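Report on the structure
As a plain string of letters, each chain reads:
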Amino acid sequence: MSAIPLSTIETVEEPVGLWRDAWHRLKRNRLAIFGLVIVLILAFTAMFGPYLTPYDYLSQDLNARNVLPSMSHLFGTDDLGRDVFSRVVFGTRTAFLVAVIVTVFAVLIGLVLGAVAGFFGNPFDRVIMWLTDVTMSVPNLLLVVVINASLKSPISKWMEARYLATLNPFYRETMWVDFILVFGSMALISWPPYARLVRAQVLSIRSRPYITAAQALGLSNWIIIKRYVIPNALGPLIVSVSAGLGTAMVLESAFSFLGVGVNPPTPSWGNMISDGLRVWQHYPHLLAAPAAVLGLASVAFSFLGDGLNDALNPRGSK
């Protein structure tokens with residue numbers, strides 16, 4: 001029996017998975033790759049930047065106050081002689097820390113509530129959707145102000161009492177109080193869009209044949225949600241999360257700008273913009289540096305979110 005020539009054997013290509021196919025489409029989107037590169041640079045700066053800056057973000061030099069940008073101070077100095085570049089870099093850590101933690105908590109809340117509302121229907125759906133409507137109807141700034149005004153003083157007093165009782169310097173770090181209040185208040189106002197998105201996805205998924213087959217096999221509802229419903233609803237959620245990170249950064253900066261977010265001396269792009277706005281006519285670099293970085297971060301997340309939407313949902317992008 002003669003051997004079959006190799007030229008006549010048809011090669012079977014390995015099937016391309018969803019995520020690999022999405023990555024190929026994403027790579028062809030130049031704006032999305034630009035956004036991804038900027039996001040990765042910001043993430044690296046948030047993790048390692050404060051260790052690489054030439055000055056400490058709290059270090060003051062009263063002989064070098066309000067110095068214009070130069071080789072020794074890339075973004076100049078502020079009215080206390082602090083290096084603006086070092087403070088902007090540390091502000092990147094603040095923005096990323098708040099954005100990531102707030103988005104994670106908001107997504108977890110929205111994922112659980114949205115999956116329950118979409119899969120089980122009434123009365124869970126009615127109650128959860130009513131809760132999302134109430135939360136979205138409350139002005140964001142008002143809710144954050146109420147939370148900060150009602151909780152910050154009791155928490156600060158409790159930490160002061162613990163310091164006097166234990167002499168542990170950790171209880172004098174009021175920065176953690178600001179972070180906790182910012183995390184909590186922003187998570188409370190950020191979860192409804194994720195819940196609505198997950199609910200809409202679950203409503204379309206729960207009637208699929210594989211869900212009916214899983215129910216026929218006797219699997220419990222919670223196992224079906226965990227194994228089949230949530231994984232198939234993650235695509236649009238990932239797109240929403242990428243945009244939500246940029247939104248959380250802008251919200252944190254806005255709240256810090258208004259004095260209800262992260263307070264000085266902890267650097268935040270918002271409070272740096274607020275300080276620079278008072279003297280921008282004489283020292284524009286104090287406003288331009290943090291505002292430019294915040295704008296770049298917001299645009300990068302927007303480009304990345306649009307690119308992910310086109311990559312994961314090619315039919316919807318046409």
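Residues numbered from 1 in each chain as written. Predicted model: local features only at pLDDT ≥ 70, side-chain atom pairs only at ≥ 80, totals over all residues. Heavy atoms only, no water.

Okay, the confidence of the model for the chain next. Here the chain averages 80 in pLDDT, while 91% of its residues score no lower than 70. The least confident element of the chain, judged by mean pLDDT, is helix 1 (residues 18-27) at 72; the most confident is helix 4 (residues 124-137) at 88. The low-confidence segment residues 8-15, where pLDDT is below 50, has two contacts with residues more than four positions distant or belonging to other chains. (pLDDT = per-residue confidence, 0-100. Helix = DSSP H or I, 4+ residues; strand = E, 2+ residues; numbered from the N terminus. Contact = heavy atoms within 4.5 Å.)

As a further point, take a nonpolar patch on the surface. Residues Leu-141, Val-145, Phe-257, Leu-258, Leu-277 and Trp-280 make up a contiguous nonpolar surface patch of about 510 Å² in total accessible area. Positionally, Leu-141 belongs in helix 5 (residues 140-166). (Patch = residues over 30% accessible without salt bridge, like charges linked within 9 Å, V, L, I, M, F, W, Y side chains within 5 Å. Areas by Shrake-Rupley, 256 points an atom, 1.4 Å probe, with all protein chains shown as cover. Salt bridge = Lys/Arg side-chain N within 4 Å of Asp/Glu carboxyl O.)

Close contact between helix 9 (residues 234-257) and helix 10 (residues 269-278) brings their axes to 6 Å; oriented N to C, the two are set at 45°. Taken together, the axes of helix 9 and helix 10 are oblique relative to one another. Note that helix 9 runs across helix 10; the crossing there is right-handed. Mapping the contact onto sequence places Met-249, Ser-253, Ser-256 and Phe-257 in helix 9 and Trp-269, Gly-270, Asn-271, Ile-273, Ser-274 and Leu-277 in helix 10. Per-class residue counts for the contact of helix 9 with helix 10 are five nonpolar, five polar and no charged. (Axes fitted to C-alpha atoms, helices over the stretch in contact; angles between N-to-C directions. Parallel < 35°, antiparallel > 145°, perpendicular 65-115°, else oblique. Left-handed = near helix turned anticlockwise from the far one by under 90°. Nonpolar A, V, L, I, M, F, W, Y, C, P; charged D, E, K, R; others polar.)

Moving on, we come to the packing of aromatic side chains. Taken as a whole and assessed by the stated rule, the structure comprises six aromatic pairs. Here the aromatic rings of Phe-75 and Phe-85 are separated by 5.3 Å at their centres, their planes lie at 75°, and the arrangement is edge-to-face. With a gap of ten residues between them, Phe-75 in the loop between helix 2 (30-52) and helix 3 (84-120) and Phe-85 in helix 3 connect regions that are remote in the sequence. Note on Phe-75: relative accessible area 28%, which makes it partly exposed. You can call Phe-85 partly exposed: its relative accessible area is 24%. Look at Phe-96 and Phe-301: their rings are 6.3 Å apart centre to centre, the planes differ by 50°, and that puts the pair in the tilted class. Here Phe-301 lies in helix 11 (residues 285-312) and Phe-96 lies in helix 3, a separation of 205 residues in the sequence. Neither Phe-96 nor Phe-301 differs from the other in exposure class; each is buried. (Phe/Tyr/Trp six-rings, centres within 6.5 Å; stacked < 30°, edge-to-face > 60°. Buried < 20%, exposed > 50% of the residue type's maximum accessible area, 1.4 Å probe, protein only.)

Quick look at the pattern of salt bridges now. Applying the stated rule across the entire model yields four salt bridges. A salt bridge links Asp-125 to Arg-199; its shortest N-O distance comes to 2.7 Å. With a gap of 74 residues between them, Asp-125 in helix 4 and Arg-199 in helix 6 (residues 175-205) connect regions that are remote in the sequence. What makes Asp-125 buried here is its relative accessible area of 13%. Residue Arg-199 is classed as partly exposed on the basis of its relative accessible area of 22%.

Here the focus is the nonpolar core. If you look at the biggest cluster of nonpolar residues, it comprises 41 residues, and the most contacted ones within it are Val-88, Phe-96, Val-98, Met-186, Met-249 and Trp-269. When contributions to this core are tallied by element, the ones reaching two or more residues are helix 1, helix 2, helix 3, helix 6, helix 9, helix 10 and helix 11. Ranked by residue count, the leading element in this core is helix 11, at eleven residues. When sequence neighbours within four positions are dropped, the list of residues in contact with Val-98 reads Phe-179, Val-182, Phe-183, Met-186 and Glu-252. Counting 18 residues, the second largest nonpolar core, distinct from the first, contains Ala-106, Trp-191, Tyr-194 and Val-198. (Core = buried A, V, L, I, M, F, W, Y, C linked by side-chain atoms within 4.5 Å.)

Compared with the 54 Å implied by 1.5 Å per residue over 37 residues, the 53 Å span of helix 3 between its first and last C-alpha is a close match. Gly-121, located one to two residues past helix 3, shows a positive phi value of around 70°. (Expected span 1.5 Å × (residues − 1).)

It is worth spelling out the side chain of Ser-190 at this point. Looking at the element boundaries, Ser-190 is found in helix 6. Ser-190 sits in the buried class, given a relative accessible area of 16%. Within the local environment of Ser-190, its side chain forms a polar contact with the backbone oxygen of Met-186, the two atoms lying 2.6 Å apart. Each residue touching Ser-190, except ones within four places of it in the same chain, is listed here: Val-102 and Ala-106. (Polar contact = N/O pair within 3.5 Å; in protein donor to acceptor, adjacent residues only side chain to side chain.)

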